[in-house]
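Examination of the molecular architecture
Letter by letter, the chains look like this.
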Amino acid sequence: MNQAHNPLFDTVTLGDLTLPNRIIMSPLTRARASQPGDVPSDMNATYYAQRASAGLIISEATQVCPEGKGYAFTPGIYSSEQVRGWRKVTDAVHEAGGRIHAQLWHVGRISHNELQPGGASPVAPSAITPEGSQVFISAESGMVDVPQPRALETEEIPKVVEQFRQGAENAREAGFDGIEIHAANGYLLDQFLRTGSNQRTDEYGGSVENRVRFPLMVVEAVKQVWPTARIGVRVTPTGSFNSMYDEDPHTTFEAFARGLDEAGIAYLEVVEDSFQGNHEEGRPESVLKAIRNAFSGTYIGNGAYSRDEAIERIQAGYCDLVSFGRPMIANPDLVERFRQNAPLNRWDDSTFYGGDERGYIDYPTLEQAQ
Ligand SMILES: Cc1cc2nc3c(=O)[nH]c(=O)nc-3n(C[C@H](O)[C@H](O)[C@H](O)COP(=O)(O)O)c2cc1C
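Residues numbered from 1 in each chain as written. Predicted model: local features only at pLDDT ≥ 70, side-chain atom pairs only at ≥ 80, totals over all residues. Heavy atoms only, no water.

Taking an unreviewed UniProt entry as the reference, the protein is identified by name as N-ethylmaleimide reductase belonging to Aquisalimonas asiatica. Here the protein is described in UniProt, under the heading Sequence similarities (unreviewed entry), as follows: "Belongs to the NADH:flavin oxidoreductase/NADH oxidase family." (UniProt positions renumbered as here; feature names shortened; annotations may be inferred.)

In structure tokens form, the structure reads like this:
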């Protein structure tokens, strides 16, 4: 490794934004929105502002409509109260010198009737139950199995596309610097992309051209609101979380990356493993290479990266930027710790989801620890 020059601290451009470093905060659901109404709070603003030294913050996933919700206490971005709540977050990040994108989310089948308007079934490309998947529905009931979803009718799909467009508009009103479309981790867009969850026979299923159609329609819709320089997409090409599977991830994600390239968006964030640091089979290099070759925008790598692996893979040209999830939870000053190559706080996974300040805004900086 070239010790003289550390590329993590280069000033880089992402779309038309100038980032002071290549260290990105990956989207992290923390299930601490205030109730009722799933509204971002002052505590949420403090948490994000503490992490404003990241080159870019990508917000936790935020549902674009009530049907897009899959877990208790996650924030939304469809009501005016939620937009005002997010405004506090973006103001706090900007005051602290940072930049923040909103991750726009629809969970599709990863939900439960108790979270859905009118107790309806969650919607999906096909009525296939994700075996073994669970969602947290309330403090009383905790984690429960995901029920069988209802397949969206062909004519309902433009309505969901419109919900993403509206979410993008709300993100602009809330003061975000851009948006990231959540097409990863087995949620709605990913469910359309992959063969294990999409067995439709209309123009949204079957061939790879048909499976990428709905996610690309979402991208076209948000382009009506945001310049392409401020739009990114997140994918998990080989992730198995939420009972996901694809017969041929190489072909599927190469085609999707090509479509995104033609759409001209700024970046693609790729989770390069199955979920949360599961590297049993290593990074799926051939799929990643196909994506990298098909997409000419910025490539953000993610998934169990250490500081040194990030430096190595940036120097080798595998990625342009690297996003960090769990290390960002536990280290509000991750950028400074990486600069000094200082030890990191260890994350406490018992406080990942829900609860109060503990395990949220009380992780010490290096200075506070000393
Ligand atoms: C507590 C927690 C919440 C997460 N929430 C989201 C989310 O809202 N959206 C998303 O795309 N990924 C989410 N992820 C995945 C992370 O962004 C990231 O891909 C994963 O943690 C692997 O990166 P890491 O090894 O640097 O932590 C979450 C992960 C964790 C641990």
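Focus: the overall build of the protein
In terms of helices and strands, the protein carries 12 helices and 14 strands. For the protein, whose C-alpha radius of gyration is 19 Å, the value lies close to the compact-globule estimate of 21 Å for 370 residues. Each principal axis of the C-alpha distribution contributes one length, and for the protein these read about 55 × 45 × 40 Å. Buried positions account for 60% of the 370 residues belonging to the protein. Across the protein, every contact between residues at least 6 apart in sequence was considered, and the portion connecting residues at least 24 apart equals 73%. Of the accessible surface of the protein, which amounts to about 14,200 Å², a share of 46% is contributed by carbon and sulfur atoms. Of the charged side chains in the protein, 32 are positive and 50 negative; the average position of the first set lies 3 Å away from that of the second. (Helix = DSSP H or I, 4+ residues; strand = E, 2+ residues; numbered from the N terminus. Rg over C-alpha atoms; globule rule 2.2 N^0.38 Å. Buried < 20%, exposed > 50% of the residue type's maximum accessible area, 1.4 Å probe, protein only. Contact = heavy atoms within 4.5 Å. Areas by Shrake-Rupley, 256 points an atom, 1.4 Å probe, with all protein chains shown as cover. Lys, Arg positive; Asp, Glu negative; His and termini not counted. Charge placed at Lys NZ, Arg CZ, Asp CG, Glu CD.)

Quick word on the environment of R313
One can find R313 in helix α9 (residues 307–315). Between the alpha carbons of R313 and G301 there is a distance of 8.9 Å; along the sequence they are 12 residues apart.

Observations concerning the sheet that holds strand β12 (residues 267–271)
Pairing between the strands of a sheet is mediated by backbone hydrogen bonds and can be parallel or antiparallel. Taken in spatial order, the 8 strands line up as β3-β4-β5-β10-β11-β12-β13-β14 and close into a barrel, and their pairing is parallel. On average, each strand axis in the sheet is tilted by 25° relative to the strand beside it, whichever way the strands run. Where strand β3 (residues 23–25) and strand β4 (residues 56–63) come together, 2 bridges link them in parallel fashion. Within β4, the position partnered with I24 by the bridge is L56. (Pairing = 2+ DSSP bridges. Axes fitted to C-alpha atoms, helices over the stretch in contact; angles between N-to-C directions.)

Observations regarding the site of the ligand
Contacts to the ligand come from 21 residues, most closely from P27, T29, N302, A304 and R326. The contact in question runs from an oxygen atom of the ligand to an N or O atom on the side chain of R234, over 2.9 Å. A distance of 2.6 Å separates an oxygen atom of the ligand from a polar atom in the side chain of R326. In isolation the ligand offers 610 Å² of accessible surface; the protein chains occlude 97% of this area. (Near = heavy atom within 4 Å. Polar contact = N/O pair within 3.5 Å; in protein donor to acceptor, adjacent residues only side chain to side chain.)

What to know about unusual backbone geometry
Omega for the bond connecting Q35 with P36 falls within 30 degrees of zero, at 0°, which places this linkage in the cis form. Relative to the helices and strands, P36 resides in the loop between β3 and α1 (42–50). At S243, a position not held by glycine, the phi torsion is positive, near 60°. Here S243 lies in the loop between β11 (231–235) and α7 (249–263). Look at S243 and you get partly exposed, because its relative accessible area is 33%.

Concerning the pairing of strand β14 (residues 321–324)
Of the two faces of β14, both are covered, the one formed by L321 and S323 as well as the one formed by V322 and F324. The pairing of strand β13 (residues 298–302) with β14 spans 3 bridges and is parallel. Bridge pairing links N302 to S323 in β14. Once the chain exits β13 it traverses α9 before rejoining the sheet at β14, and the crossover so formed is right-handed. (Right-handed = clockwise from strand over helix to strand, strands pointing away.)

Side note on the pattern of salt bridges
Evaluation of the coordinates by the stated rule reveals 23 salt bridges. A salt bridge links D91 to R87, with the shortest nitrogen-to-oxygen separation between them at 3.6 Å. Residue D91 and its partner R87 are both found in helix α2 (residues 80–95); the two are separated by 4 residues, about one turn of the helix. Residue classification places D91 among the partly exposed residues on the basis of a relative accessible area of 32%. The class of R87 is partly exposed, set by a relative accessible area of 36%. The partner of E169 in a salt bridge is R165, and the shortest N-O contact between them spans 2.6 Å. Of the two residues, E169 and R165 both sit in helix α3 (residues 157–173), 4 residues apart, roughly one turn of that helix. With relative accessibility at 28%, the residue E169 sits in the partly exposed group. (Salt bridge = Lys/Arg side-chain N within 4 Å of Asp/Glu carboxyl O.)

Some details on the packing of α7 against helix α8 (residues 285–294)
Geometrically, a packed helix pair is captured by the angle between its two axes and the distance between the axes. One way to put it is that α7 packs onto α8 with a least axis distance of 8 Å and a crossing angle of 20°. The orientation of α7 with respect to α8, classified from their angle, is roughly parallel. The element α7 and its partner α8 pack so that their crossing is right-handed. Here α7 contributes P249, H250, F253, E254, A257, R258 and D261 to the contact with α8, which in turn contributes S286, V287, A290, I291 and A294. Considered class by class, the residues forming the contact of α7 with α8 number 7 nonpolar, 2 polar and 3 charged. (Parallel < 35°, antiparallel > 145°, perpendicular 65-115°, else oblique. Left-handed = near helix turned anticlockwise from the far one by under 90°. Nonpolar A, V, L, I, M, F, W, Y, C, P; charged D, E, K, R; others polar.)

Concerning the packing of aromatic side chains
Each pair of aromatic rings is reported with the distance of its centres and the angle of its planes. Going through the model one piece at a time under the given rule, you end up with 11 aromatic pairs. Note on F73 and F136: the rings are 6.4 Å apart at their centroids and 45° apart in plane angle, and the pair reads as tilted. A residue pair is termed long-range when its members are at least 10 positions apart, and F73 in the loop between β4 and α2 and F136 in strand β7 (residues 134–138) qualify at 63 residues. Accessibility expressed as a relative area gives 29% for F136, which makes it partly exposed. Ring geometry for F192 and F214: centres 4.6 Å apart, planes at 50°, overall tilted. Here F192, found in helix α4 (residues 188–193), pairs with F214, found in helix α6 (residues 213–222); they are 22 residues apart in sequence, far enough to count as distant. A network of ring pairs unites the aromatic residues Y47, Y48, W86, F176 and Y360 as a single cluster. Directly above the ring of Y305 sits R283, whose terminal nitrogen or CZ lies 3.9 Å from the centroid. Sitting over the face of the ring of W347, R346 holds its NZ or CZ atom 4.0 Å from the ring centroid. (Phe/Tyr/Trp six-rings, centres within 6.5 Å; stacked < 30°, edge-to-face > 60°. Lys NZ or Arg CZ within 6 Å of the ring centre and 35° of its normal.)

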